[in-house]
Amino acid sequence: MSSLAAAIAVGLAALGAGLGVGMIASKTVEGIARQPEMRGPLTVTMLMGIALVEAIPIFAVVIAFIVM
């Protein structure tokens, strides 16, 4: 039963991270389209945001392994 809970937790974390990364990327592209001269700072901010969002599924996997 704990394996099922771990799989669901990791799956939901991955789903949430995927949605978050998609929203971050789409808003960055929208910002670059509005102000092309801000491409560099927006790209750096996007990459930092994506790294923070991707940390959540990594923590979920670690917790899932601890639970199992």
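Residues numbered from 1 in each chain as written. Predicted model: local features only at pLDDT ≥ 70, side-chain atom pairs only at ≥ 80, totals over all residues. Heavy atoms only, no water.

Chemist: Which parts of the structure should I look at to understand the overall build of the chain?
Modeler: Along its length, the chain carries 2 helices and 0 strands. What you see for the chain is a C-alpha radius of gyration of 16 Å, clearly larger than the 11 Å of a compact globule of 68 residues, by over 25%. Judged by the C-alpha coordinates and their principal axes, the chain covers about 50 × 15 × 5 Å. In the chain, which comprises 68 residues, the share counted as buried stands at 19%. When contacts within the chain are restricted to residue pairs at least 6 apart in sequence, those whose partners lie at least 24 apart make up 73%. For the chain, the accessible area works out to roughly 4,900 Å², and carbon and sulfur atoms hold 79% of it. (Helix = DSSP H or I, 4+ residues; strand = E, 2+ residues; numbered from the N terminus. Rg over C-alpha atoms; globule rule 2.2 N^0.38 Å. Buried < 20%, exposed > 50% of the residue type's maximum accessible area, 1.4 Å probe, protein only. Contact = heavy atoms within 4.5 Å. Areas by Shrake-Rupley, 256 points an atom, 1.4 Å probe, with all protein chains shown as cover.)

Chemist: Hey, could you run me through a nonpolar patch on the surface in this one?
Modeler: A contiguous nonpolar surface patch, about 710 Å² in accessible area, is contributed by Met1, Leu4, Ile8, Leu12, Leu15 and Leu19. Along the chain, Leu15 falls in helix 1 (residues 2-34). (Patch = residues over 30% accessible without salt bridge, like charges linked within 9 Å, V, L, I, M, F, W, Y side chains within 5 Å. Salt bridge = Lys/Arg side-chain N within 4 Å of Asp/Glu carboxyl O.)

Chemist: Quick question: what am I supposed to make of the environment of Met23 here?
Modeler: Its place among the elements puts Met23 in helix 1. Linking Met23 and Ile50, residues 27 residues apart in sequence, is a C-alpha distance of 9.9 Å.

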